[in-house]
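Structural overview
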Amino acid sequence: MNSTVGQPVPSLSLPLAQHTVLFWILSLTLPLAVISYWSGYRRIAAGEPPLVPYLLPWLGHGMAFMNDINGFTEWVRSLNPDSPAATVQVAGQHLYLVFDTKLASQIYRRSKNFIFDPFNLMTWGIMGANRSDLEILEMGAQVEKRTPGFKDDGRRVLYDLHRMSGPALTGESLDRLTSLFIDTICREIDTTFPENDAASYEWVRMDLGEFVKKTWTRASIVALFGSHIFTIWPRIEDWLWEFDEHFQSLLTKMPRFMLPKAWALRDEAWEFLEKWEDEALAAEKRGEIKETDDWDPYWGLQWVAVRAKYLIKQGISAKARAGNESVFLWGLNANTIPIAMQVMNQAVLSPTLLSTLQAEISSAQTGPNTFNMAAVTTAPKLKSVLLESLRWATASPSPRVVREDCQLGEYKLLKGSMVIVHSRTLQMDARTWAIDGVPGSAPEEFWAERFLDGDEREEENRIEENQEAETAYAAETFAQAQAQGRSETAKPHKIVEPISGPKSKETQQRMLSMRPFGGGTTLCPGRHFATNEILGGLAALLLRLDVKIDEEALEKNGAPVPNLGKQGGLFPDRGLGVWIRRRRV
Ligand code: HEM
Ligand SMILES: *[C@@H]1O[C@H](CO)[C@@H](O)[C@H](O)[C@H]1NC(C)=O
Ligand SMILES: *[C@@H]1O[C@H](CO)[C@@H](O)[C@H](O)[C@H]1NC(C)=O
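This one's a predicted model, so the numbers in the text were calculated from it and none came from an experiment.

1. Examining the site of ligand 2
If you check the shell around ligand 2, you find Asn130, Arg131, Ser132 and Ser317 and nothing else. Separating an oxygen atom of ligand 2 from a side-chain N or O atom of Asn130 is a distance of 2.3 Å. Between a nitrogen atom of ligand 2 and a side-chain N or O atom of Ser132, the distance comes to 2.6 Å. When the free accessible area of ligand 2 is taken as 360 Å², the share hidden by the protein chains comes to 37%. Tallied by class, the residues present in the shell around ligand 2 amount to no nonpolar, three polar and one charged.

Below, the structure is given as C-alpha cells:
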C-alpha cells in the first residue's frame, strides 16, 4: 500500500489557480505547521485519542482522507501501531479512527450514542428527498441535533425500513430469494452453454471475472427487482457499475457542473425506477399480481413491493422513493459481486484448491445438477475461502456520529465528531494474522486455509452486539412513538445462530478482527443471502462447467489482487483469463 498518500498536499493535477491559493496557504501556515509536526503525537481536548499532526489549518487531512480512505487509514495506523485509536482533523471536524477490536465492539453495542442515521438522512437528501420528505424521515431518526421547528407525528420510516429487512433476508423469504437467484444463474449458464449443443463442450477462452460479474448481477436483480425492469431499463447493468464509480463523489454534494456524470446517473435512476414502480402498480390494478405472490416479474421479491408501498403510504415523494431504491439496488450488488469474483478467481488459480472445493460440492450434491445449499455454505473449505476473500478484499468503513460526549475505553470522545471502524485495517493487521513459522500466513497473502478453524464464534459475537444495539434502538424509538400514540408490540427480530465449542485465544482475536459486514444495528442483514449467492453460485457453476486457468495469460498479466480504489467489496485489479466448457455429466 502507498505510504505517502497521507501527506496533506493535494496532487499536482490541480488547476493553476488552486496551486496559487495553496502556495499562499502553505507559506503562511508553514512556520506553525512545522511546530505542530515536530511536536508529534499529542492529545487535543483532555483524553481524546492522540492527534495525527497536520499541516493545513482547518482542512487538516481532509484531502488525503477523501481521496483515499483505505491508504490514509493504513498510513495513520503505521504512525503509531500500538495506539488503539487516533484523532484526525478533517475539514474542521474531529474524526476518530478506531483500531482496537474491543473499542469497535463497544461502538457497535452502544447504538444510542454512536449513531448512523445522520449518514442515512444525508444520503436520502442527495438521492432526492425534498424538505417535506426529510421532515418525515427525521421523525424517529437518531440524530445529534434536531432541525429547528421539528415536529413528530409518530411516523418511524427509517426504523421501519430497517426492521423489515431482517425477516425478508432470513428464513423462508431467504430460501425463496436464494432459489430465484440460483435458478437465474443456471438459466444464464444454460443459455451461454446449451446442454444439447456440441459447441458447448469445446473449450472457449473468457475473462472469468467479467463472466461472473455479468451473470451474478443479472440474477440478483431478477431475484429482488423482478425481470420486467430489464425491459423498462435496458441499461440497468451498465448504470449499476457506472453509479458504483460515481456514488462516492455525490457525497461531497458538489454542484452539477463539477460532477455532471454523477448527477446524471442519479437522474437516470429516478426516471427508470419511477417508471418501474408505476408499471408494477398498474399491473397490480389490472389484477396481474396477487397479494399472495412471493415474487412477480414486475416488483420482484414481495419484500421489495411491500417497501415501495409502505413508502408511498408514509407520504415519501416519488423521487425520494426512486432514490432509495437505486441506493438499495446498488448496495446489494456493489459488495457481493466483487467478492463473488474474488472467490471464483482464487478457486481457479489453484488446481489443488479447485479439486478440494469440487469434492465438497460433490458431497453436497442431490442430483446431477442440484445440491443442498446448507451443505455447501457450511463445507469447511468453501467457507474458509469465502471468509478469506472477505478478509482480503473488503474495506468497509463503518461510520458513526458521536451523539453526546462520552468515554470509550481510555478515551474521551466529543459530541458531534465522527468515528470510523475501518474494517480493512483490522483485517490486514500482521500481529493478528501472521503466524510464526507458517509461510503464506502474512495478511497480504490470500491463504485459502486460514479459516479452517471455524467462524461460529464470529457470528455469535456479531449477534450479541446486534441484539444489544437493537434493544437500545427499539427502546428509544418506541418511547418516542408511544408518546405519539403509536403502539408497537413487536419485539426486535431475533435470529438464532448455531454456536460451536470454544476456540483458541488467537482464533478468537482473529474473528473479532473480521468486520466485513459492520456491526450493531447496521450489521448487514444481507450477509446470509450474500453467502448463498457467492458459494451457491460457485457450486451451480462448477456443477455445469469445467474451468481451467489460461496459463499463458496469467504469466503475461500476473495474478489479480484487490483494487483498493473503492469501499466495501473490492474488485480484482485485473482480469483472469480462463478456458471454459460445458461439463459432461
Ligand atoms: C459480501 C457482501 C456484502 C457486504 C461486504 C456487505 C457489507 C455491509 C456493511 C458493512 C453494512 C453496514 C454499514 C455500516 O454499518 O456502516 C451493510 C448494511 C446493509 N446491507 Fe450489506 N453487505 C453485503 C451484501 C448485502 C446484500 C446481498 C444485501 C441485500 C440483499 C445487503 C443489504 C444491506 C442492508 C439493507 C444494509 C443496511 C442495514 C440497516 O441499516 O438496517 N447487503 N452491508
Ligand atoms: C416534496 O415533493 C412532493 C412530491 O413531489 C411535493 O408534493 C411537496 O410539495 C414537496 N415539498 C417541498 C417542501 O418541496
Ligand atoms: C434505502 O433502503 C435500504 C433498504 O431498505 C435502507 O437500508 C437504506 O438505509 C435506505 N437508505 C437510503 C439512503 O436511501
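2. A look at the site of ligand 3
Around ligand 3, the neighbouring residues are Asn120, Thr123, Trp124, Arg307 and Asn324. Here an oxygen atom of ligand 3 and a side-chain polar atom of Arg307 are 2.6 Å apart. Interatomic distance of 2.4 Å between a side-chain N/O atom of Asn324 and an oxygen atom of ligand 3. For ligand 3, the accessible surface in isolation is 360 Å², of which the surrounding protein chains cover 79%. When residues in the shell around ligand 3 are grouped by element, the largest group, three residues, is from helix H5 (residues 117-126).

3. Considering the environment of Tyr473
Mapped onto the elements of the fold, Tyr473 is located in helix H21 (residues 456-483). A relative accessible area of 4% means that Tyr473 is categorised as buried. The spatial distance from the C-alpha of Tyr473 to the C-alpha of Thr521 is 7.6 Å, given a sequence separation of 48 residues. With near-sequence residues (within four places) excluded, Tyr473 lies in contact with Ser111, Asp117, Gln142, Leu158, Tyr159, His162 and Thr521.

4. Let's talk about the sheet that holds strand S1 (residues 85-90)
Taken in spatial order, the five strands of this open sheet run S1-S2-S11-S8-S3, and their pairing is mixed. Each edge of the open sheet carries a strand with a single partner, namely S1 and strand S3 (114-115). Of the strand pairs in this sheet, strand S2 (residues 93-98) and strand S11 (residues 418-422) are connected by four bridges, and their pairing is parallel. Looking across to S11, one finds that Leu95 is bridged to Met418.

5. Considerations on the UniProt feature "binding site: heme" (unreviewed entry) in the protein
The UniProt feature table records "binding site: heme" (unreviewed entry) at Cys524. You can see Cys524 is positioned in the loop between helix H22 (505-512) and helix H23 (527-544). According to the relative accessible area criterion, Cys524 is partly exposed, its value standing at 25%.

6. Section: the environment of Pro516
Inspection of the secondary structure assignment puts Pro516 in the loop between H22 and H23. C-alpha separation for the pair Pro516 and Thr394, spaced 122 residues apart in sequence, amounts to 6.0 Å. Setting aside residues up to four positions removed in sequence, Pro516 forms contacts with Leu390, Thr394, Ser396 and Gln427.

7. Some points on the nonpolar core
In terms of nonpolar packing, the biggest core is built from 124 residues, with Leu224 and Phe225 touching the most fellow members. Ignoring anything within four residues of it in the chain, the contact list for Phe225 reads Trp276, Pro297, Tyr298, Trp299, Gly300, Val304, Glu325, Phe328, Leu329 and Leu332. Of all hydrophobic cores here, the second largest spans 18 residues; its members include Phe65, Ala86, Val88 and Phe99.

8. A closer look at the sheet that holds strand S4 (residues 204-207)
Neighbouring strands of a sheet are bound in pairs by backbone hydrogen bonds; such pairs are parallel or else antiparallel. Taken in spatial order, the three strands line up as S4-S14-S12 in an open sheet, and their pairing is antiparallel. Edge positions in the sheet fall to S4 and strand S12 (545-549), since each has one partner strand and no second. Averaged over all neighbouring strand pairs, the angle between strand axes comes to 35 degrees, with direction disregarded.

9. Points about the side chain of Thr377
Counting through the fold element by element, Thr377 comes out in helix H17 (residues 373-378). A polar side-chain atom of Thr377 sits 3.3 Å from the main-chain carbonyl oxygen of Ala374. Sequence-distant contacts of Thr377, defined by excluding residues within four places in its chain, comprise Lys383, Thr531, Asn532 and Leu535.

10. Considerations on a nonpolar patch on the surface
A cluster of nonpolar side chains, namely Met254, Phe257 and Met258, defines an oily patch on the protein surface of about 340 Å² accessible area. By relative accessible area, which is 69% here, Phe257 ends up exposed.

11. A short note on helix H14 (residues 318-334)
The end-to-end C-alpha distance of H14, which contains 17 residues, comes to 24 Å, matching closely the 24 Å that a straight helix rising 1.5 Å per residue would cover. In terms of burial, H14 is largely enclosed, as 13 of its 17 residues are buried.

12. So, the packing of helix H9 (residues 208-225) against H14
With their axes 10 Å apart at the nearest point, H9 and H14 run at an angle of 135 degrees to one another. Classified by the angle between their axes, H9 and H14 sit oblique to one another. Judged by the twist between their axes, the crossing of H9 over H14 is right-handed. Mapping the contact onto sequence places Thr217, Ser220, Ile221, Leu224 and Phe225 in H9 and Glu325, Phe328, Leu329, Leu332 and Asn333 in H14. Of the residues contributing to the contact of H9 with H14, the split by class is six nonpolar, three polar and one charged.

13. A few points about the pairing of S1
Walk down a regular strand and you will see the side chains alternate between the two sheet faces. In terms of burial, S1 is largely enclosed, as six of its six residues are buried. The side-chain alternation of S1 yields two buried faces, one formed by Ala85, Thr87 and Gln89 and the other by Ala86, Val88 and Val90. The pairing of S1 with S2 spans six bridges and is antiparallel. The residue of S2 that forms the bridge with Thr87 is Tyr96. Linking S1 to S2, which pair antiparallel, is a turn of two residues; within it Ala91 sits at a positive phi near 45 degrees.

14. Comments concerning the pattern of salt bridges
Applying the stated criterion to the full structure yields 28 salt bridges. Residues Arg431 and Asp82 are paired through a salt bridge, measuring 2.9 Å at the closest nitrogen-oxygen approach. Here Arg431, found in helix H20 (residues 430-433), pairs with Asp82, found in the loop between helix H3 (69-79) and S1; they are 349 residues apart in sequence, far enough to count as distant. With respect to burial, Arg431 and Asp82 carry one shared label: exposed. Overlapping salt bridges bring together Arg235, Glu242, Lys261 and Glu268 as one network.

15. A look at unusual backbone geometry
The phi torsion of most residues other than glycine is negative, and most of the peptide bonds are trans. Its identity as a non-glycine residue notwithstanding, Ala91 has a phi of 45 degrees, on the positive side. On the basis of relative accessibility, which here comes to 33%, the residue Ala91 falls in the partly exposed class. Positive phi values are uncommon outside glycine, yet Lys253 reaches one of about 60 degrees. Mapped onto the fold, Lys253 is located in the loop between helix H11 (236-250) and helix H12 (260-285). With relative accessibility at 52%, the residue Lys253 sits in the exposed group.

Cut-off values and rules
Residues numbered from 1 in each chain as written. Chains lettered and ligands numbered in written order. Predicted model: local features only at pLDDT ≥ 70, side-chain atom pairs only at ≥ 80, totals over all residues. Heavy atoms only, no water. Near = heavy atom within 4 Å. Polar contact = N/O pair within 3.5 Å; in protein donor to acceptor, adjacent residues only side chain to side chain. Areas by Shrake-Rupley, 256 points an atom, 1.4 Å probe, with all protein chains shown as cover. Nonpolar A, V, L, I, M, F, W, Y, C, P; charged D, E, K, R; others polar. Helix = DSSP H or I, 4+ residues; strand = E, 2+ residues; numbered from the N terminus. Buried < 20%, exposed > 50% of the residue type's maximum accessible area, 1.4 Å probe, protein only. Contact = heavy atoms within 4.5 Å. Pairing = 2+ DSSP bridges. UniProt positions renumbered as here; feature names shortened; annotations may be inferred. Core = buried A, V, L, I, M, F, W, Y, C linked by side-chain atoms within 4.5 Å. Axes fitted to C-alpha atoms, helices over the stretch in contact; angles between N-to-C directions. Patch = residues over 30% accessible without salt bridge, like charges linked within 9 Å, V, L, I, M, F, W, Y side chains within 5 Å. Salt bridge = Lys/Arg side-chain N within 4 Å of Asp/Glu carboxyl O. Expected span 1.5 Å × (residues − 1). Parallel < 35°, antiparallel > 145°, perpendicular 65-115°, else oblique. Left-handed = near helix turned anticlockwise from the far one by under 90°.

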